[in-house]
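Here is how the chains run, residue by residue.
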Amino acid sequence: MNNSFGNNNGRQPTQGRRRGGGIRWIILLGFAVYGGCYYFSNRTVDPYTGEKVLIDAGLDASQEKAMGLQAYQEILSQERPIDPNTPQAQQVRAIAQRLIAKVPEVEAALAAENGLQASNFSQDFDWEVNVIASDQANAFCLPGGKMAVYTGLLPVAQSEDALAVVMGHEIAHALLRHGAQRMAQQKLTQIGQMAGAASGMDPQQQQMVMAAMGYGYLLPYAREHETQADEVGLMLAAAACYDPAQAMPLWERMSQSSGGQAPPEFSSTHPNPGTRIQNLTALQAKAMEYRQRFCTSAQ
Ligand SMILES: [Zn+2]
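It should be emphasised that the depicted structure is a prediction, and the values quoted were computed from it without experimental measurement. Here, residues in each chain are numbered from 1, in the same order as that chain's written sequence. Given that the model is predicted, a residue must reach a pLDDT of at least 70 before its local features are reported, and side-chain atom pairs must reach 80 or more before they are shown or counted; all residues, however, enter totals for whole chains, interfaces and linings. Side-chain calculation: all heavy atoms of the structure are included, whereas hydrogens and water are not.

Draft legend 1. Representation of the packing of aromatic side chains in the model. Between the rings of Phe, Tyr and Trp (Trp by its six-membered ring), a pair exists once the centres lie within 6.5 Å; its type follows the angle of the planes, with under 30 degrees stacked, over 60 edge-to-face, and the other angles tilted. If you walk through the whole model with that rule in mind, you get six aromatic pairs. Relative to Phe-140, the ring of Tyr-72 lies with its centre 6.3 Å away and its plane at 80°, an arrangement referred to as edge-to-face. Taken together, the residues span a long stretch of sequence, with Tyr-72 in helix H3 (residues 61-78) and Phe-140 in strand S4 (residues 139-141) at a distance of 68 residues. Using a 1.4 Å probe on the protein chains alone, a residue whose accessible area is under 20% of its type maximum counts as buried, one over 50% counts as exposed, and one in between counts as partly exposed. Among the residues examined, Phe-140 registers a relative accessible area of 13% and is labelled buried. Taken together, a centroid distance of 5.3 Å and an interplanar angle of 55° make the contact between Phe-125 and Trp-127 tilted. By relative accessible area, Phe-125 is classed as buried at 7%. Since its relative accessible area comes to 24%, Trp-127 is described here as partly exposed. Consider the ring centre and the ring normal. A charge sits over the ring if Lys NZ or Arg CZ is within 6 Å of that centre and within 35 degrees of that normal. One residue, Arg-98, lies across the ring of Tyr-242, its end atom 3.9 Å from the ring centre. Just above the ring of Trp-251 sits the side chain of Arg-276; from NZ or CZ to the centre is 3.8 Å. Secondary structure is summarised from DSSP: a helix means a run of H or I of at least four residues, a strand means a run of E of at least two, and numbering begins at the N terminus for each.

Shown next as structure tokens:
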């Protein structure tokens, strides 16, 4: 008697497994088609970078603004915004105004370099900036133009020029719709998770796949956003008559001050300091050109 048939009481496990495998592949294929449809029907070209990006086509400016506003109100209710009439708050507001005033020209110039037209997506933003009392060397700009600068950033920035570089970087995140892109990425990730669960992948396998995706895809993607925000932000600062050469010493100070304990916006997703400084150095000539072109009025 053949051993391989001796212990299975007439069942044929090989065939059963093959059938289960087939169903798994059909389920995975279904999710891949779903994910692919989502991906290709929500691709759009970003005018600032000329790159194809993934943003949910159903998400319009007003919805994005509403989400930004809600998050902003939550943050302001938990943190301590300082009196808007203090010199610090006035200084930060003045820098923000100068940067924001240059958005249309800088967007049009960058779009033209990519052979594109400006989308003027930010024209309906309700820009607002608050200064928050905190030791963190941090700042942010939410979708829709709601910004905050933490007082802990001021001693690290040291000058208006450097502060303008950081604020330009934050404004660039909002202009480039990085929040909306992250939401679309999360949706794709969820589709992937559902596919993993539905196809009967065991939790350990699923975790391995998600971790590989995190390192291989999502983290480089976040770093790419940082590099883009550095470039667009630097052009904004230069166009608003700030000194773009302050960007390099600023990021040196930022990485020193963080000492490995950087706040979320300036930690893991940010490019390694050496790479960032190289990129910013390489962008200086272009930034000076933008300064000459757009820094016309005495500010
Ligand atoms: Zn950033």
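Draft legend 2. View of the UniProt feature "transmembrane region" (unreviewed entry) in the chain. Taking the numbering used here, the UniProt-annotated feature "transmembrane region" (unreviewed entry) corresponds to residues 21-41. Across residues 21-41 one finds 100% helix and 0% strand; the C-alpha atoms that close the span lie 30 Å apart. UniProt positions are given in the numbering used here, feature names are shortened, and annotations may be inferred rather than shown by experiment.

Draft legend 3. Focus on the pairing of strand S3 (residues 128-132). Taken across its five residues, S3 has four buried, putting it largely inside the fold. The sheet contact formed by S3 and strand S5 (residues 146-150) spans five bridges and is parallel. Pairing of Val-131 across the sheet is with Val-149, part of S5. In this analysis, strands are considered paired if DSSP registers two or more bridges between them.

Draft legend 4. Representation of helix H8 (residues 178-198) within the structure. Helix span, as expected, comes to 1.5 Å for every residue beyond the first. For H8, spanning 21 residues, the distance from its first C-alpha to its last is 30 Å, which sits close to the expected 30 Å at 1.5 Å a residue. Gly-200, located one to two residues past H8, shows a positive phi value of around 80°.

Draft legend 5. How the structure looks around the environment of Leu-28. For Leu-28, the position within the fold is in helix H2 (residues 13-41). Spatially, the C-alpha atoms of Leu-28 and Ala-197 are 9.9 Å apart, while their sequence positions differ by 169 residues. Discounting chain neighbours no more than four positions away, the residues touching Leu-28 are Ala-195 and Ser-199. Only heavy atoms enter the contact rule, under which two residues are in contact if any of them lie within 4.5 Å.

Draft legend 6. The arrangement of the side chain of Asn-42 in detail. Mapped onto the elements of the fold, Asn-42 is located in the loop between H2 and strand S1 (43-45). Reaching out from Asn-42, the side chain makes a polar contact with the backbone nitrogen of Ala-57 at a distance of 2.6 Å. For Asn-42, the contacting residues outside a window of four places in its chain are Val-53, Leu-54, Ile-55, Asp-56 and Ala-57. We define a polar contact as two N or O atoms separated by no more than 3.5 Å, with the added condition that, inside protein, one atom must be a possible hydrogen donor and the other a possible acceptor, whereas residues neighbouring each other in sequence contribute only through side-chain atom pairs.

Draft legend 7. Spatial organisation of the pattern of salt bridges. Here, a salt bridge means any Lys or Arg side-chain nitrogen found within 4 Å of an Asp or Glu carboxyl oxygen. Across all of its chains, the model carries eight salt bridges by this definition. A salt bridge links Lys-286 to Glu-113, with the nearest nitrogen and oxygen atoms 2.9 Å apart. Of the two residues, Lys-286 sits in helix H12 (residues 284-294) while Glu-113 sits in helix H5 (residues 103-113), which places them 173 residues apart along the sequence. The class of Glu-113 is partly exposed, set by a relative accessible area of 43%. A salt bridge links Arg-276 to Asp-230; the nearest nitrogen and oxygen atoms lie 2.7 Å apart. Linking Arg-276 in helix H11 (residues 273-282) with Asp-230 in helix H9 (residues 203-239), this pair joins segments that are 46 residues apart in sequence. The burial state of Arg-276 is the same as that of Asp-230; both residues are buried.

Draft legend 8. Structural view of the nonpolar core. Residues belong to a common nonpolar core when they are buried Ala, Val, Leu, Ile, Met, Phe, Trp, Tyr or Cys residues joined through side-chain atoms within 4.5 Å. Counting 57 residues, the largest nonpolar core has Leu-99, Leu-163 and Met-167 as its most contacted members. The greatest single-element share of this core, amounting to 10 residues, is contributed by helix H7 (residues 160-175). Residues within four places of Met-167 in sequence aside, it is in contact with Val-92, Ile-95, Ala-96, Leu-99, Met-147 and Val-149. By size, the runner-up hydrophobic cluster in this structure holds seven residues, among which are Leu-76, Ile-132, Phe-140 and Leu-142.

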